[in-house]
Amino acid sequence: MNFHTDEWIMDRVREHYNEALEHFPEDRIVGLFYQGSANYGLDYIGSDVDTKLIVTPTFEDIAMNRKAVSTTHIRKNEEHIDFKDIRLYIQTFRKQNLNFLEILYTPYCIVNPLYKNEWNRLVTAREDIAHYAPVQAIKSMRGIAKEKYFAMEHHYPSRMEWINKFLYDPKQLHHLLRVQEYIARYISGESYKDCLISLQPEYLKKVKVGHHTLEEAREIANSAITHIDEMCDEYLKTCSAEVDKEVDALLDDVQYNIMKIAIKKEFDK
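The numbering scheme is per chain: residues are counted from 1 as the chain's sequence reads. Reporting in this predicted model follows two pLDDT cut-offs: at least 70 for local features of residues, and 80 or more for side-chain atom pairs to be given and counted; totals over whole chains, interfaces and linings ignore these cut-offs and use all residues. Derived side-chain values reflect all non-hydrogen atoms in the structure, with water molecules and hydrogen atoms excluded from consideration.

*Asks:* Even after reading the chapter, I still don't get the packing of aromatic side chains, so can you show me in this structure?
*Replies:* The description of an aromatic ring pair rests on the distance of the ring centres and on the angle between the ring planes. When two rings of Phe, Tyr or Trp (its six-membered ring) have centres within 6.5 Å they constitute a pair, described as stacked for plane angles under 30 degrees, edge-to-face for angles over 60, and tilted for the intermediate range. Tallied over the entire structure, the rule returns 13 aromatic pairs. Consider the rings of Y89 and F93, whose centres lie 5.3 Å apart with planes at 75°: the pair is edge-to-face. Highlighted residues: Y89 and F93, both in helix α3 (residues 86–95), separated by 4 residues, approximately one helical turn. Note on F93 and W119: the rings are 6.5 Å apart at their centroids and 50° apart in plane angle, and the pair reads as tilted. In this pair, F93 sits in helix α3 while W119 sits in helix α5 (residues 116–124), placing the two residues 26 residues apart along the sequence. Burial classification: accessible surface area is computed with a 1.4 Å probe over protein chains only, and a residue below 20% of its type maximum counts as buried, one above 50% as exposed, and the rest as partly exposed. Its relative accessible area of 1% is what places F93 among the buried residues. For W119, a relative accessible area of 2% corresponds to the buried category. The structure contains a cluster of three or more aromatic residues connected by ring pairs, namely F33, Y89, F93, F100 and W119. Charges are assigned to positions over rings by a cutoff of 6 Å between ring centre and Lys NZ or Arg CZ, combined with an angular limit of 35 degrees from the ring normal. The positively charged end of K52 is found above the aromatic ring belonging to F100, 4.3 Å away from the centroid. When the ring centre of Y40 is taken as origin, the NZ or CZ atom of R178, which lies over that ring, is 3.9 Å away. For the purposes of this entry, the term helix denotes a DSSP run of H or I that reaches at least four residues, the term strand denotes a run of E that reaches at least two, and both are numbered from the N terminus.

Quick look at the structure:
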């Protein structure tokens, strides 16, 4: 269960949305979506709010072949809003990165009515999208796990407070264990929706705030990454590398329709 209430989280999401309006006109905003711990039932007293903002390009952007928007806006309170062009975000679904797929499941979002029907087509098909390319999904998850494994003792400036206190970053260990559980459940055939919510939330919350010593953390991390490699190697021996062509067509159609709505709205002005 999340520490913060749904109302508290949505109030913060609205703050992000209002700040995003300082950078993009509302007609270009497809939606703003919460990302992070509350989507997994792992929100705790120290959790902040980070979001992803999906936007459309202008006709001029397309005509002049300008680089699609993909940047992170850091708020004054250090919370993040990831700005992402719809064309790039649709591609992230094909890459099967769980950190991007989760927005199809979050209840904490603001979707522009202009694009709501099209976006809801994705939400309706979210399980198919989450299983669009199982081989890519497993490879992506293993990549995330290895990133967290190596980050556990890396001295990132933003995490030095935790490194100095525990000699490692407990947040990275918590992520590693969450991904290990996710991979095991994904491979066993559970739905993405169920996989998102940890079966051991209270333990993971304790891990996140430094429950283990450095020696314990290293032992647990080594065991987790070994288990992950074993699971992934075994799964990839028999898993088909084919992708879901119907999902491909859906993603293309939604992207096309959203951009058509945006450009028509721009021309009507």
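*Asks:* Can you help me understand empty space enclosed by the protein in this one?
*Replies:* Over the atoms a probe the size of a water molecule is rolled, and this reveals where empty space is left. In this analysis, the protein atoms alone were mapped onto a 1 Å grid. Cavities are point sets where a 1.4 Å probe fits without being able to get out; pockets are open sets with protein on both sides within 12 Å along at least five of seven lines; lining residues have an atom within 4 Å of a point. Grid points are joined across faces, edges and corners, and a volume is the space filled by probe spheres set on the points. Taken as a whole, this structure holds 1 cavity of 30 Å³ or more when the rule is applied. By volume, the largest cavity is sized at about 40 Å³. Elements that contribute at least two residues to the lining of the largest cavity include exactly α9 (170–187) and α10 (192–196). Three categories are distinguished: nonpolar for Ala, Val, Leu, Ile, Met, Phe, Trp, Tyr, Cys and Pro, charged for Asp, Glu, Lys and Arg, and polar for the others, with Gly belonging to the last. Residues belonging to the lining of the largest cavity are distributed by class as follows: 3 nonpolar, 1 polar and 2 charged.

*Asks:* Before we go on, may I ask you to explain the nonpolar core in this structure?
*Replies:* Most often, soluble globular proteins have nonpolar side chains that are buried together. Judged by nonpolar contacts, the single largest core of 63 residues is most densely connected at F93, W119, L122, I129, M141 and L173. Among the elements that make up this core, the one with the highest residue count is helix α12 (residues 214–238) (9 residues). Setting aside its immediate chain neighbours within four residues, L122 contacts I90, F93, L104, I129, L250, L251 and V254. Throughout, nonpolar core names a set of buried Ala, Val, Leu, Ile, Met, Phe, Trp, Tyr and Cys residues whose side chains join them through atoms within 4.5 Å. Any pair of residues with heavy atoms lying within 4.5 Å of one another is described as a contacting pair.

*Asks:* I'm lost on the layout of surface pockets in this one. Help?
*Replies:* A volume near 1,300 Å³ is recorded for the largest pocket. For the largest pocket, the lining is made up of 33 residues, of which D50, H80, K148, K171 and H175 are closest to its centre. Of all the secondary-structure elements, those providing two or more residues to the lining of the largest pocket are β1 (29–35), β4 (80–85), α4 (98–101), α7 (134–151), α8 (160–166) and α9. No other element matches the 5 residues that α9 contributes to the lining of the largest pocket. Of the residues that constitute the lining of the largest pocket, the class distribution is 8 nonpolar, 13 polar and 12 charged. Of the voids in this model, the second largest pocket is the one considered here, and its volume is about 200 Å³. N2, A38, N39, Y105, T106, P107, Y108, R126, K193, L196 and I197 are the residues that line the second largest pocket. Its residues assigned to classes, the lining of the second largest pocket shows 6 nonpolar, 3 polar and 2 charged.

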